[in-house]
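Observations on the model geometry
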Amino acid sequence: MPELTQKRPEFRNINAIRDLTTYRLPPAGWVSILHRVSGALMFLLLPLIVWLFDTSVSSEISHDVFQSAFSAGIGFVPGVLVKLVVLAIIWAYLHHLIAGLRHLYMDVNHAVSKEFGKSSALFTLVLSIGLTVVLGAKLFGLY
């Protein structure tokens, strides 16, 4: 009888100011949020992506403009900032692609378990960040 008289846990909404700093998301939660962030980032930077592609393939002169954007910059924006924005686009694309493939795999194989969700989320985070570091090293001329 004593277990029936115990006070049941009370679940409340999360207070955005007080609780979000201490709330710990599981890896699958981070991948889900970052999947949305990467999609929004690619959408918002789509005009820049189209411009970069257009200037890289239009002619030899426009290709030189494309290359100078990374060294000298574009207008008042320095070249390092252009490289950082392109690096953000690279991360967004890689993360969105890998997280999307993760979701497709889970949908096709019905592999929905807590263990698989955690391991595949960690794999997604490590692979997308690892590939971004490798491509970022190439972008910044480290190899």
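A brief look at the structure comes next. (Residues numbered from 1 in each chain as written. Predicted model: local features only at pLDDT ≥ 70, side-chain atom pairs only at ≥ 80, totals over all residues. Heavy atoms only, no water.)

Here we come to helix H6 (residues 114-139). The terminal C-alpha atoms of H6, which comprises 26 residues, lie 37 Å apart, in line with the 38 Å expected from a rise of 1.5 Å per residue. Taken as a whole, H6 has its buried residues at Gly117, Ser120, Ala121, Thr124, Leu125, Ser128, Thr132, Gly136 and Ala137. For H6, the elements touching its buried residues are helix H2 (27-44) and helix H5 (79-109). Looking one or two residues past H6, Gly141 carries a phi angle of roughly 75°, positive in sign. (Helix = DSSP H or I, 4+ residues; strand = E, 2+ residues; numbered from the N terminus. Expected span 1.5 Å × (residues − 1). Buried < 20%, exposed > 50% of the residue type's maximum accessible area, 1.4 Å probe, protein only. Contact = heavy atoms within 4.5 Å.)

Right, let's get into the packing of H2 against H6. Contact geometry of H2 with H6 gives a least axis separation of 8 Å together with a crossing angle of 50°. Looking at the two axes, H2 sits oblique to H6. For the crossing formed where H2 meets H6, the hand is left-handed. Contacts between H2 and H6 involve Pro27, Ala28, Val31 and Leu34 on the former and, on the latter, Gly117, Lys118, Ala121, Leu122, Thr124 and Leu125. Across the contact of H2 with H6, the residue classes break down as seven nonpolar, two polar and one charged. (Axes fitted to C-alpha atoms, helices over the stretch in contact; angles between N-to-C directions. Parallel < 35°, antiparallel > 145°, perpendicular 65-115°, else oblique. Left-handed = near helix turned anticlockwise from the far one by under 90°. Nonpolar A, V, L, I, M, F, W, Y, C, P; charged D, E, K, R; others polar.)

Summed over the entire model, instances satisfying the criterion amount to two aromatic pairs. On the numbers, 5.2 Å between centres and 85° between planes, the contact of Phe66 with Phe70 is edge-to-face. Here Phe66 and its partner Phe70 are both found in helix H4 (residues 60-71), four residues apart, which amounts to about one turn of the helix. Each member of the pair, Phe66 together with Phe70, is buried. (Phe/Tyr/Trp six-rings, centres within 6.5 Å; stacked < 30°, edge-to-face > 60°.)

Moving on: the packing of H5 against H6. It is at 9 Å that the axes of H5 and H6 come closest, and there the two elements cross at 150°. What the angle tells us is that H5 and H6 run roughly antiparallel. Of the two possible hands of crossing, H5 and H6 adopt the one that is right-handed. Here the contact of H5 with H6 is composed, by residue class, of 16 nonpolar, seven polar and two charged.

Here we come to the nonpolar core. Leu52, Phe66, Phe70, Val82 and Val86 form the largest nonpolar core, which has five residues in total. Those elements giving two or more residues to this core turn out to be H4 and H5. Filtering out sequence-adjacent residues up to four positions away, Leu52 remains in contact with Phe66 and Val86. (Core = buried A, V, L, I, M, F, W, Y, C linked by side-chain atoms within 4.5 Å.)

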